[in-house]
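Below are the chains, spelled out letter by letter.
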Amino acid sequence: NFISHKSILDIKDRTDIVKKNPIAFYVDSFDCEWLPFFRKQHRQHMCNIVDIDEFYCYCQDDYWNKKEYKLFKIDEIDKISRELLIFSFETVNGLCKYKMNEAIAEAIRRYDEKHCLKKMRLFVEDFSKNFDFDKEIPEGDPVCSKAIMYLKGLGDDKKNLLEFFEFLSSTFDVDVYEAKLILDEQAKKFYSIRNYLIKTYFSKKEIHREIIKKELECILAHEYKLYEYFVNLRV
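Residues numbered from 1 in each chain as written. Predicted model: local features only at pLDDT ≥ 70, side-chain atom pairs only at ≥ 80, totals over all residues. Heavy atoms only, no water.

A. Layout of the overall build of the protein chain. Per the secondary structure count, the protein chain includes 8 helices and 6 strands. Helices and strands in the protein chain line up, N terminus first, as β-α-β-β-β-β-α-β-α-α-α-α-α-α. Across the 235 residues in the protein chain, those meeting the buried criterion constitute 37%. Considering only intrachain contacts with a sequence separation of at least 6, the fraction spanning at least 24 residues in the protein chain is 65%. Surface exposure of the protein chain reaches about 14900 Å², of which carbon and sulfur atoms provide 51%. (Helix = DSSP H or I, 4+ residues; strand = E, 2+ residues; numbered from the N terminus. Buried < 20%, exposed > 50% of the residue type's maximum accessible area, 1.4 Å probe, protein only. Contact = heavy atoms within 4.5 Å. Areas by Shrake-Rupley, 256 points an atom, 1.4 Å probe, with all protein chains shown as cover.)

Listed below in structure tokens is the structure:
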């Protein structure tokens, strides 16, 4: 669960909140000098606040070393942030198998309603045939390409879903070994395609579309397996 605030000023005098609750804020990547998208691409980006004092917020970002914090003045965050999120955790005791099974069923319903498998099939067919460096790489920087960025995002999504299955395993003693294997393999292949395209672009070589097609078809086959796993999942 989370509570949304408009400004860091709402909690600047409440250091206890930061110590007890995960806090994050959204910024436009276009304004973040530490990101590869700085002055190149507008996209929503999230930073975490790990501590706060009278003048500064101590922040963590995936683009920095995890042991390093960046200091922002409180009024600076107030200017650049678009939304502040304060997260809270439900206790495990508040969860039950019935609620979890309901949530899983709802996730499947929404997945079906949005025709996700069909869209993924179309993506596999289109991407391997039509990906074009000239159209997809702005200003000669592949890291700022939306297509390249989305490949990383898809890989990250699979990694994040792994955490859900680890939670199911530890909380409800569910065997999630198969799902974890599938998600790990999908994440690796999304990252692999991304890295291949970046290297190919810089080496000025032709894209071997059969390589991309093979990797994407493997991801799609795993998606069908994961879908079946979800449909039959009960805690």
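B. Representation of the nonpolar core within the structure. Of all hydrophobic cores here, the largest spans 23 residues; its most connected members are Ile8, Phe25, Ile49, Cys57, Cys59 and Ile77. Broken down by secondary-structure element, the contributors of at least two residues to this core are helix H1 (15-20), strand E2 (23-28), strand E3 (44-52), strand E4 (56-60), helix H2 (74-80) and strand E6 (83-87). If sequence neighbours within four positions are ignored, Cys57 has contacts with Ile8, Ile49, Asp51, Ile52, Lys70, Leu71, Phe72, Ile74 and Ile77. Of all hydrophobic cores here, the second largest spans 19 residues; its members include Ile104, Leu117, Val176 and Ile182. (Core = buried A, V, L, I, M, F, W, Y, C linked by side-chain atoms within 4.5 Å.)

C. Main features of helix H6 (residues 146-172). Along its 27 residues, H6 runs 38 Å from first to last C-alpha, staying within 8% of the 39 Å computed at 1.5 Å per residue. Contacts from the buried residues of H6 go to helix H3 (97-113), helix H4 (116-130), helix H5 (133-136), helix H7 (177-203) and helix H8 (209-231). Two or three places before Ala147, at the opening of H6, Ser145 has a side-chain oxygen 3.3 Å from that residue's backbone nitrogen. Once H6 finishes, Asp173 follows within two positions and takes phi at roughly 55 degrees, a positive value. (Expected span 1.5 Å × (residues − 1). Polar contact = N/O pair within 3.5 Å; in protein donor to acceptor, adjacent residues only side chain to side chain.)

D. Broad picture of the layout of surface pockets. Counted as a void, the largest pocket has a volume near 1700 Å³. For the lining of the largest pocket, the elements supplying multiple residues, two or more each, are E3, H3, H4, H6, H7 and H8. Here the lining of the largest pocket is built from residues that sort into 29 nonpolar, 6 polar and 14 charged. (1 Å grid on protein atoms, 1.4 Å probe; cavity = no way out; pocket = protein on both sides within 12 Å on 5 of 7 lines; lining within 4 Å. Points joined across faces, edges and corners; volume = space filled by probe spheres on them. Nonpolar A, V, L, I, M, F, W, Y, C, P; charged D, E, K, R; others polar.)

E. Spotlight on the pattern of salt bridges. As enumerated under the stated definition, the model contains 11 salt bridges in all. The salt bridge partner of Asp28 is Arg82, with a shortest N-O separation of 3.0 Å. Taken together, the residues Asp28 in strand E2 and Arg82 in the loop between H2 and E6 connect sequence positions 54 residues apart. We classify Asp28 as buried; its relative accessible area is 6%. Taking relative accessible area as the criterion, Arg82 reaches 52% and is therefore assigned exposed. Through salt bridges that share partners, Glu106, Arg109 and Glu113 make up one connected network. (Salt bridge = Lys/Arg side-chain N within 4 Å of Asp/Glu carboxyl O.)

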